[in-house]
Amino acid sequence: MAEAGKTLHLEVITPDAAVLHEDVDFVLVRALDGDLGIMPNHAPLIASLSIWPLCYDKGGKRQYVTVASGFLEVHDNTVTVITPASEKPEDIDVDRAKSAEKRAEDRLAAHAADIDTARAEAALQRALRRLDVAEKYGKQ
Ligand code: ATP
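Residues numbered from 1 in each chain as written. Predicted model: local features only at pLDDT ≥ 70, side-chain atom pairs only at ≥ 80, totals over all residues. Heavy atoms only, no water.

Looking up the protein in an unreviewed UniProt entry gives the name ATP synthase epsilon chain, with the organism given as Megasphaera elsdenii DSM 20460. UniProt annotates the protein under Sequence similarities (unreviewed entry) with the comment "Belongs to the ATPase epsilon chain family." The Subunit (unreviewed entry) comment attached to the protein in UniProt states, word for word, "F-type ATPases have 2 components, CF(1) - the catalytic core - and CF(0) - the membrane proton channel. CF(1) has five subunits: alpha(3), beta(3), gamma(1), delta(1), epsilon(1). CF(0) has three main subunits: a, b and c." (UniProt positions renumbered as here; feature names shortened; annotations may be inferred.)

S.K.: Can you help me understand the site of the ligand in this one?
M.R.: As a structural note, the neighbourhood of the ligand is formed by Asp-16, Ala-85, Glu-87, Asp-91, Ile-92, Asp-93, Arg-96, Ala-97, Arg-103, Arg-126 and Arg-130. In this structure, Glu-87 approaches the ligand through a side-chain N or O atom, which is 2.5 Å from an oxygen atom. In the model, an oxygen atom of the ligand is placed 2.6 Å from a nitrogen or oxygen of the Arg-103 side chain. Here the ligand loses 71% of its free accessible area of 590 Å² to cover by the protein chains. At the level of elements, α1 (94–110) and α2 (117–137) are the ones that each hand at least two residues to the shell around the ligand. (Near = heavy atom within 4 Å. Polar contact = N/O pair within 3.5 Å; in protein donor to acceptor, adjacent residues only side chain to side chain. Areas by Shrake-Rupley, 256 points an atom, 1.4 Å probe, with all protein chains shown as cover. Helix = DSSP H or I, 4+ residues; strand = E, 2+ residues; numbered from the N terminus.)

S.K.: Mind showing me how you'd approach the domain arrangement of the protein here?
M.R.: How big an interface is tends to be stated in terms of accessible area lost as the parts join. Under the domain assignment used here, the protein contains domain 1 (8–82) and domain 2 (92–137). A C-alpha centroid distance of 23 Å is found between domain 1 and domain 2. Taken together, the contact pairs six residues of domain 1 with eight residues of domain 2. Carbon and sulfur atoms supply 86% of the area that domain 1 and domain 2 bury against each other, a total of about 650 Å² over both sides. The largest contributions to the domain 1 side of the interface with domain 2 come from Ile-51, Tyr-64 and Thr-66, which together make up 70% of the buried area. (Domains from an automatic or database assignment. Contact = heavy atoms within 4.5 Å. Buried area = accessible area lost by both parts, 1.4 Å probe.)

Spelled out as structure tokens, the structure:
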């Protein structure tokens, strides 16, 4: 656990990997009902997350990871995010995200009766957020 009152311990966990386990100064996520900034000594909290990047400050530097929905828990200066998918900027495969974007856009444009629109919209959001994070914060 992080030293009480000074830092937060941030864990981002997916079914495949522990993407982050760091002591940080600040965490910002997008919950379903709006942005949520968490500083040390935050009250206990559970929230559902949107498909939106998580950012955190560490050593005066702001850093980003993608988060594809899931849950956040704040307890005892530990922030735990459990999400189906999360990637650091340098781990994002841009070509794969572009293909996923096109696939989702084609599905939505087809307006076919058998298309699961919510699923295609979620896939599109995941792809767009991956492309944003890779472009802004990935390998230069
Ligand atoms: P795709 O159709 O390309 O699989 P998706 O949005 O359906 O995209 P997810 O179900 O969100 O993919 O993720 C499945 C796994 O693949 C997760 O581990 C996720 O981190 C990884 N992943 C998906 N897209 C990318 C990407 N562009 N770069 C790196 N990892 C990715």
